[in-house]
Structures are given as structure tokens and as C-alpha cells.
Amino acid sequence: MPPASAAAPPARVLVVGSGGREHALAWAIARSPAVERVVVAPGNGGTADEAKCLNADVGATDVDGLVALAAAHDVDLVVVGPEDSLAAGTADALAAAGRAVFGPTRAAAQIESSKRWSRAFMARHGIPHPRFVDTHDLDLALEAVDDIATGGGTHPDRGCVVKADGLAAGKGVVVCDSVDDGRAAVRSILLDGRFGAAGASVVVEERMTGPELSVMAVTDGTRYRLLPPAQDHKRVGDGDRGPNTGGMGAYAPAPIATPALLAHVEATIIAPTLAGLRAEGVPFVGCLYAGLMLTPADDATAGTPRTGAVDGVVPKVVEFNARFGDPETQVQLPLVASDVAVLLAAAAAGDVTAAPFALAPGAAACVVLAAAGYPGPVASGALLAGLEAAARPGVTVFHAGTARAADGALVARGGRVLGVTCAAADLAAAVDGAYAAIGTERGGVGFDGMHYRRDIARRALGPAATPAGRP
Ligand code: GLY
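Here is what the cut-offs are and how they apply
Every residue gets a number counted from 1 within its own chain, in the order that chain's sequence is written. Since the coordinates come from a predicted model, pLDDT governs what is reported: local features require at least 70, and pairs of side-chain atoms require 80 or more to be given and counted, while whole-chain, interface and lining totals use all residues. With hydrogens and water stripped out, all remaining heavy atoms of the structure feed into the side-chain values. A run of DSSP states H or I qualifies as a helix once it reaches four residues; a run of E qualifies as a strand once it reaches two. Both are numbered from the N-terminal end. Restricting the calculation to C-alpha atoms gives the radius of gyration, and the globule rule supplies 2.2 Å times the number of residues raised to the power 0.38. Per-residue and other accessible areas were derived by the Shrake-Rupley procedure at a 1.4 Å probe size, with only the shown protein chains allowed to occlude residues. Only four residue types enter the charge count: Lys and Arg as positive, Asp and Glu as negative, with His and the chain ends excluded. Here the site of a charge means NZ on Lys, CZ on Arg, CG on Asp, or CD on Glu. A 1.4 Å probe rolled over the protein chains alone gives each residue an accessible area, and that area as a share of the maximum for its type sets the label: buried under 20%, exposed over 50%, partly exposed in between. Pairing between two strands is assigned when DSSP locates at least 2 bridges connecting them. Contacts between residues were defined by any pair of non-hydrogen atoms, one from each residue, lying within 4.5 Å. To define axes, lines are fitted to C-alpha atoms, for helices over the stretch in contact only, and angles between the resulting N-to-C directions are given on a 0 to 180 degree scale. Grouping buried Ala, Val, Leu, Ile, Met, Phe, Trp, Tyr and Cys residues that are joined through side-chain atoms within 4.5 Å yields what is termed a nonpolar core. Angles are sorted into four bins: roughly parallel if under 35 degrees, roughly antiparallel if over 145, roughly perpendicular if 65 to 115, and oblique for all others. Each residue is assigned to one class: nonpolar for Ala, Val, Leu, Ile, Met, Phe, Trp, Tyr, Cys and Pro, charged for Asp, Glu, Lys and Arg, and polar for all the others, Gly among them. Within this document, salt bridges are pairs made up of a side-chain nitrogen of Lys or Arg and a carboxyl oxygen of Asp or Glu, the two lying within 4 Å of each other.

Colleague: Please set out the overall build of the protein residue by residue, giving values where relevant.
Modeller: Along the protein, the regular secondary structure elements total 14 helices and 22 strands. Computed over its C-alpha atoms, the radius of gyration of the protein comes to 21 Å, within 12% of the 23 Å expected for a compact globule of 471 residues. Expressed as lengths along the three principal axes of its C-alpha atoms, the size of the protein is roughly 60 × 50 × 45 Å. Accessible surface computed for the protein: about 17100 Å², of which carbon and sulfur atoms make up 54%. When the 38 basic and 49 acidic side-chain charges of the protein are each reduced to a single mean position, those positions are 2 Å apart.

Colleague: Give a detailed account of the pairing of strand S15 (residues 249–252), specifying residues and quantitative values.
Modeller: Residues Gly 249 and Tyr 251 of S15 are buried on one face, and the alternating residues Ala 250 and Ala 252, pointing to the opposite face, are buried as well. As paired elements, strand S12 (residues 231–232) and S15 share 2 bridges and run antiparallel to each other. When the sheet's bridge partners are listed, Asp 232 is paired in S15 with Ala 250. Note that S15 and strand S18 (residues 363–370) share 4 bridges and pair antiparallel. Within S18, the position partnered with Gly 249 by the bridge is Val 367.

Colleague: Before we move on, can you summarise the sheet that holds strand S3 (residues 53–55) with the specific residues and values?
Modeller: Strand order across the open sheet formed by 5 strands is S3-S2-S1-S4-S5, with parallel pairing between neighbours. The strands lining the two open edges of the sheet, one partner per strand, are S3 and strand S5 (101–102). Inspection of the sheet shows strand S2 (residues 37–42) paired to S3 by 3 bridges, in the parallel sense. Bridge assignment links Val 40 to a residue of S3, and that residue is Asn 55. Helix-sheet contacts for helix H1 (residues 20–30) involve strand S1 (12–17), S2, S3 and strand S4 (77–80), and the interaxial angle to S1 is about 170 degrees. Contacts from helix H12 (residues 340–349) reach S4 and S5 within the one sheet, and its direction differs from that of S4 by about 95 degrees.

Colleague: Talk me through the nonpolar core; I want residue IDs and the actual numbers.
Modeller: In this structure, Leu 14, Ile 111, Phe 320, Leu 369 and Leu 418 are the most contacted members of the largest nonpolar core, which totals 78 residues. At 7 residues, helix H10 (residues 259–279) tops the list of elements feeding residues into this core. The residues contacting Leu 14, other than those within four sequence positions of it, are Val 39, Ala 41, Leu 66, Leu 69, Ala 70, Val 75, Leu 77, Val 78 and Val 79. Val 15, Tyr 289, Ala 346 and Ala 355 belong to the second largest nonpolar core, which has 35 residues in total.

Colleague: A description of the packing of H1 against H12 should follow, citing residues and the corresponding values.
Modeller: Between H1 and H12, the shortest axis-to-axis distance is 7 Å and the interhelical angle comes to 105 degrees. In terms of axis orientation, H1 runs roughly perpendicular to H12. Side by side, H1 and H12 meet where Leu 25, Ala 28 and Ile 29 of the first sit next to Val 340, Ala 341 and Leu 344 of the second. Looking at side-chain class alone, the contact of H1 with H12 contains 6 nonpolar, no polar and no charged residues.

Colleague: Could you give me a rundown of the pattern of salt bridges, with the residues and numbers involved?
Modeller: Considering all chains together, one arrives at 23 salt bridges under this definition. We note a salt bridge from Arg 323 to Glu 83, for which the minimum N-O separation is 2.8 Å. In this pair, Arg 323 is assigned in the loop between strand S17 (313–321) and helix H11 (328–332) and Glu 83 in helix H4 (residues 83–87), connecting sequence segments 240 residues apart. By relative accessible area, Glu 83 is classed as buried at 18%. Each of Arg 12, Asp 74, Asp 76 and Arg 99 takes part in salt bridges that share partners, so that together they form one network.

By themselves, these observations are geometric and do not establish any function.
The structure is reproduced here in C-alpha cells:
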């Protein structure tokens, strides 16, 4: 039984967004015995068919429309998925209208929506980060590229990272291999307006090396619960080749995240970040997503500030996100054994520890099926086939860019179309299960022109792993 101080379990919940993350949230929330109805705005072809769920044709950044929708359904809880919705002030407006909201205010969401604000915050609070320079001045930015890429001339050209300050649909980060690339990125953002107003200023950063790790804290602003640590696959192609995407697959828990490493991340990153946000008067209620680089402990550039190493690495923040990850949510929520709706309601009500919290044993893997051309422009309309593959043990097919055509058929309508997720006793079995559910020639799910990575979780399982469905 939850303690007496726990928020009442929510009966009606509004989930804001339309991606695989929001399908996973709606799916997990709908599993709560307390929940009678989940309204998803605007949702997708999968959320429309999910038990207890209903799509509403209100966009994720239509703040007034969302306030009216929450009132029309008298929802007990709103869960905001996407960053642009948070940056538009959705959480503020819904809270002002008296709704319980899981998702940070616009001010707290700056930790994601302004890369300048976020890096300056980390510097103020001693949260481990790479060297950076933020500026709107072209000459200063070009100088920063030279200086940061070469350590002020102390090492060979290692390239750098150039980030547009504002939100740019996940595309505002340019990883540059050299000074020349860095200078070109700066010019394209500041001179040519590659990211529009989001690129009015840039942050030029050291290019860190090491494996990446995503650590998510479901938090009431002070206390928190960690979801299973995950690894994403951001590049479009196998072997981490090709352009960046929103994420082509994920797995959890990531074996690299030992208990010692996670404890270090909590002590040096999660807890001081939440404390810093509280101290600055912008407490963060929602999912704090710490995107980390596990930099080598012997790298001379590591440690700004020096926080000590654990397991031979120094975890440093690549970026914070103010929300659940996508596709990470699709592997994390199937591993939460306790009631997700009650957990999020407790965080929104001010005490996340008032809700039961338990993780399931085992692991989960998700393979994203993307439309031809993704991450560039894609054509819509491919017919989705084999969705009954979702009926296989442990497998759930989360929808992202899908919709019902006029004739009722489910079709692709976006870049990332489906996330084929499998939860199983261990990571190898989860990966096997996900790949086995892909491909209409095997009775699995698919659509014309789809492409997907064949190496999800290979870095954790080792190069010898050749699960079913991989080439
Ligand atoms: N998978 C990366 C993100 O959610 O930002």
C-alpha cells in the first residue's frame, strides 16, 4: 500500500506528444488498474488503438488547446513528452489552470532548450562538463573553434562540437572532426542561419570521447527514482556511421553502468543538478535525462571540474534533456514493474517516494524502423504490415510516425515509424526477440523502404553476437 501522503492514483491522464516515447508512456500508464482513460494529444496510429487510450487532435505546442483539452476530460494528471511543448510553457499553463503536471516549467526546461543556459548552469554548480565557449559573435566563435580543437595549441586537432543555442528539432548539434569542420559549422549557423532563430548564438565545446550513457531520474524536484540506465544509437548506420538521428534503437539496463558508476553519477551529476535548480528558484519536476560521456580517466582534457574517476572513467554531461528519451523510454518503461501512472502522479504531487517503485528483472532492446530517406526528407504513406508480431512473447511494437489513412489502413507518416521492443530475461534474448519480430518475410513487422540498424546492443554483447534477424 502506498503511504497515506501519496497522491490519489490518477483515473484520467493526458499524455502530450505523438512519438514512440508517448506511445510507450500511454501504454505504461494505461496498464495502471487505477487509470480509466488516457487522452493522447495528438497521438499516433498506435496510441489510437491502445487499450483505454483516445487520440485528441490538439498539437503538442498548442498550449491553450491543451489547457482546454485537460479541462474537457477533467484529467487528474498531465504528462508532457516533447521538449518543444515544455519550452512553449505547457507545464506552466496547465499548472496555472490547476492540473497536476509531470514535466518541468519553461524556466526549468531551459536545461535543454538553451544550450548556453545549460552549460553556464553546469559551470556555476560544478557539474562535470567539457570546456566550452558560448557566443553570438562570429569571430569569437571561430577563435573558440581553433582554441578548443587544439587545446590552445597543446595537442593535435581533435575537432570540436558546435551547438546551436536553441531547440532545432534534435538537429542543432554538429560534431566536427577538425578545425575546418568546426569553422564551417559556426559559419553555417551564425552566418547562413542554418537553424534559424535557434542558431542566434552557439556553444563551441571540447569533443569528448568514450561510450555514452543515458541516466534518467523521475523526480519531484528533490527526491528521484532512476530508470534503468540506457544506451541509445544516435547515428543512422551500423558501426555508428552516417548522420545523427533522433535515435535508431536503445537497450537497458546498459551493463557498462555498474552500481559504482551509477552511484558516482548520482553524487556528481543528478543530485547537484536538482539541488542547483532548486537553489536558482527553478525546481525541476519531471524526467531529468542526463546524456553522459564516460570519458577516459587518463585523458588530460577530462575533468572540468575534476570529480574523480570510477571504473576508469570520468562521467561528464554531453547534454541534459528535460524529458523522457526517445527511443530510451521504449526500453525503460517495460522494465518498470510498479505502477507508472502512480509514480508520475506522486512526482507531480511533490513526493515521488510516496509511490511504490520496483524494476523488473531482465533487459529490453528496441530497434527503430525508419522510413526511406530518414534522417533526411521522407515520403509518407507506406502500408504497415505484420503488426501482429506484437503478439509475440515480450514484444511490443511502439508507434512513432504512423497514422490511419482515409481507408482505415495504418501507414507510415514520419521518419522514425515504429520501435520494435522486446523485454526478456537477459539482453541477448531481448535483442534476439526484437530482431526476430522484424521483417514481413519472417512473419514480422515491416513496410516498404524501411531501414534499421543491425547492431543494436552489439557494443554491450560483443562483436560475436549475431542474434536472429541480423545479417
Ligand atoms: N534519444 C535521444 C533523445 O531522446 O534525445
